[in-house]
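# Examination of the molecular architecture
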Amino acid sequence: MAYWKPITELGEAHLVQEGSTLAEVTDDIVKVTETAAPRGWWILFGIASSLTGLFTVCVAYLFYRGVGVWGNTAPVYWAWDITNFVWWVGIGHAGTLISAILFIFRQKWRTAINRFAEAMTIFAVICALIFPGIHVGRPWLLYYVFPFPNQMTLWPNFKSPLLWDVFAVGTYFTVSVLFWYTGLIPDLATQRDRSMTKWRQRVYGFLALGWRGSNRHWQNYERAYLILAAISMPLVLSVHSVVSMDFATSVIPGWHTTIFPPYFVAGAVFSGFAMVETVLLVARSVFKLQRVVLMRHLELMNKFLLLTSLLVGYAYSMEFFVAWYSGNQYEMAHFLHNRPMGPFWWAWVWMMSCNTLVPQIYWFKSMRTNIPVMFVASILINIGMWFERFVIIVLSLNRDFLPSSWGYYRPTIIDVGIFAGTIGVFFTLFLLFMRWLPMVAVAEVKGTMPQADPHLAHAGEEHVEPHGPDHVPDAAVAGGLVPGGAE
Amino acid sequence: MDAKVAKSGAAVPAVILAEFGSAHDVLHAAEKVQAAGYRHWDTHTPFPVHGMDRVMGLRDSRLGWIVLAFALTGLTGAFVMMHWMNGVDYVTVVGDKPPGAPQTLPSMVPILFELTILLSAFGAVLGMFGLNKLPRHHHPVFASDRFRSATDDKFFISIEAEDPKFDVVRTRELLEGFHAAHVEVIEEEPA
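Presented here is an overview of the structure given in this document. Worth saying up front: this structure is predicted, and the values here are computed from it rather than measured.

Calculation criteria
- Residues numbered from 1 in each chain as written.
- Chains lettered and ligands numbered in written order.
- Predicted model: local features only at pLDDT ≥ 70, side-chain atom pairs only at ≥ 80, totals over all residues.
- Heavy atoms only, no water.
- Phe/Tyr/Trp six-rings, centres within 6.5 Å; stacked < 30°, edge-to-face > 60°.
- Buried < 20%, exposed > 50% of the residue type's maximum accessible area, 1.4 Å probe, protein only.
- Contact = heavy atoms within 4.5 Å.
- Buried area = accessible area lost by both parts, 1.4 Å probe.
- Salt bridge = Lys/Arg side-chain N within 4 Å of Asp/Glu carboxyl O.
- Polar contact = N/O pair within 3.5 Å; in protein donor to acceptor, adjacent residues only side chain to side chain.
- Helix = DSSP H or I, 4+ residues; strand = E, 2+ residues; numbered from the N terminus.
- Nonpolar A, V, L, I, M, F, W, Y, C, P; charged D, E, K, R; others polar.

## Side note on the packing of aromatic side chains
Residue and element names in this part refer to chain A. Overall, the coordinates contain 56 aromatic pairs over all chains when judged by the stated rule. Ring centres of F158 and F167 lie 6.2 Å apart, and the angle between their planes is 55°; on these two criteria the pair is classed as tilted. Residue F167 is classed as buried on the basis of its relative accessible area, which comes to 12%. Relative to Y225, the ring of F179 lies with its centre 4.8 Å away and its plane at 50°, an arrangement referred to as tilted.

Written as structure tokens, this is what we have:
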């Protein structure tokens, strides 16, 4: 069976609308970057860049006055800053998951969304990195975390999870950028070759590095892509595990939990998929990409959301169970009283209902294929996952071991402004990406089309020429690196 | 004859370029070019065509070895860095673990891992550029206007003049015999 053929017995459909030509696919995707932006883009860009302006103002004020402008105070010394950091890093994870893990598992439907998701990873990690940067109080001393000789002849403490975090998130960002750029090279060449103006030709030509689609290059290119995917897979699992160790290696009830690394990874993938879906639905309708981003892709993403929601729900239940089973009074006080019945009970309710109840609608196909429903659900999941981090961080701190030091946490307007501002930064970068770079991996999508099958003399009909046993494609495909492989 | 004739009479053929309309046609033509004994030639396709490596007689990519070397550098570099900084140059004792003792290893694992991955990624990308001799913004094939569709929906075979079997007339005839949609000779002034 040809690799591009859907297995109809499993209810599979064509990945790209049947009958599309290669040129149509190029045109559909690349034209977006060549024509004037639709009105919807300008409206969104106006909102996003205004929020970016708000971000700049709030951060400037923060640097001017110091972290006292935030609501963080005894006993809640970590609040929105770290909540937002963990939330943004988590969102980034779906991008790597889609680009790397689904690639390794030969899930060809990823080609519709992987470029998108990778861009999302990079922009989300940029937003995430802002928070540890600005919460240190004296951001001009941030260089202390880097291991280089300084005037105090001090080295960083490599046994600190906070330093592991610097290496984990820094590596994650760098590798994501390399992976993204590698994937972009053939498409940048496509943009170069379609350019109408000298200026576009020079810029895209420079970035495409002289790519000429040579098969001798494709061979090394595909191996590089495979290796990057293979090393990104453990990397993405390690990043949120390391983030969780910022908490898990402490002795605070609610943080000191061995389930944290896998629980954080599942939550990260869950929230990341929700964010991919939110952004994808907007882009799909603004730029009319229905030919490439099919309902089938959205439905698969919804199934994935259901699965990861169940994983997250399992982790929540296990925390409760272990708190009760441990018999430890502090654990029990935290999980069985402070979370559901303490002063922040409403945050806990947001977390539980958005993350474990809302995705249950996806048991039904009618819900999985309903665009307004999935748009609202994806936003609710994003909110729920933000509250999950808020619950973990603030609720574990506001009532510590000594009742006399218990307190409440209230964010200030600057907290809100900076958080909303990073959402603006994220969408500003995203909208610029959508205008200037192909938002779907053109070359990869073509590789999943019937035209990519060298057995076909003309797309759509089987080639009948007899082949010798050692002829080519099947063996090459089975061991090959192209999105494809035996099905 | 639609060869690009340069202004100066000194121009010599650099590449013969044949255009094909499908992955099927280019794969079969490539099979015959390889069988005809050419060595300095290439195919240009908008996406990697299944089985082309085999038809062109390419050996497996050596990139994996480059990445392995980078990975080992990252791993040992990370270990030496952490051991020297926290165990030798400025001893930092955490959790009562003697400096340099094997008990300090578990706390090194995250950074050992991250730096191995970081260096491997650089190895994969820079190694790929190195093996492909990219960036290279100038190449004779770019002189062809039709070649612009090599990144869209057309498939090309290029045979370079430096190939010992290269002969403008005979190589051109060979390529035309494969039902190529178009064959052109690209000329270049000798450097």
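Here the narrative resumes.
## Some thoughts on the interface of chain A and chain B
Opposite the 74 residues of chain A that make contact, chain B presents 71 residues. Buried surface at the junction of chain A and chain B, both sides included, amounts to about 6500 Å², of which 64% is carbon and sulfur. In this assembly, chain A and chain B are joined by two salt bridges. A salt bridge links B:D60 to A:R223; its shortest N-O distance comes to 2.8 Å. Inspection of the region where chain A meets chain B yields 31 residue pairs in polar contact (both at pLDDT 80 or more). Among the elements of the structure, α1 (22-30), α5 (161-194), α6 (198-208), α7 (215-248), α15 (442-447) and α16 (473-479) of chain A are those that each provide at least two residues to the side of chain A that touches chain B. If you tally residues by element for the side of chain A that touches chain B, the top one is α7(A), at 17 residues. Tallied by class, the residues present in the side of chain A that touches chain B amount to 40 nonpolar, 24 polar and ten charged.

## Quick look at the pattern of salt bridges
Any two side chains of opposite charge can pair, on the condition that their charged atoms come close. Enumeration over the complete set of coordinates arrives at 14 salt bridges over all chains. A salt bridge links B:E19 to B:R146, with the shortest nitrogen-to-oxygen separation between them at 2.8 Å. On the criterion of sequence distance, the pair formed by B:E19 in strand β1 (residues 12-20) and B:R146 in the loop between α4 (105-132) and β3 (155-160) is long-range, its members being 127 residues apart. Judged by relative accessible area, B:R146 falls into the partly exposed class, the value being 36%. Put simply, A:D27, A:K31, A:E34 and A:R194 are held in one network by salt bridges that share partners.

## Some remarks on unusual backbone geometry
Omega for the bond connecting A:A74 with A:P75 falls within 30 degrees of zero, at -5°, which places this linkage in the cis form. Summarising the element assignment, A:P75 is placed in the loop between α2 (39-65) and α3 (80-104). Here B:L134 and B:P135 are connected by a cis peptide whose omega angle stands at -5°. If you trace the backbone, B:P135 turns up in the loop between α4 and β3. Phi is positive for B:D96, close to 60°, though the residue is something other than glycine. Positionally, B:D96 belongs in the loop between α3 (63-89) and α4. Assessed through its relative accessible area of 71%, B:D96 is described here as exposed.

These figures come from the coordinates and say nothing about function on their own.
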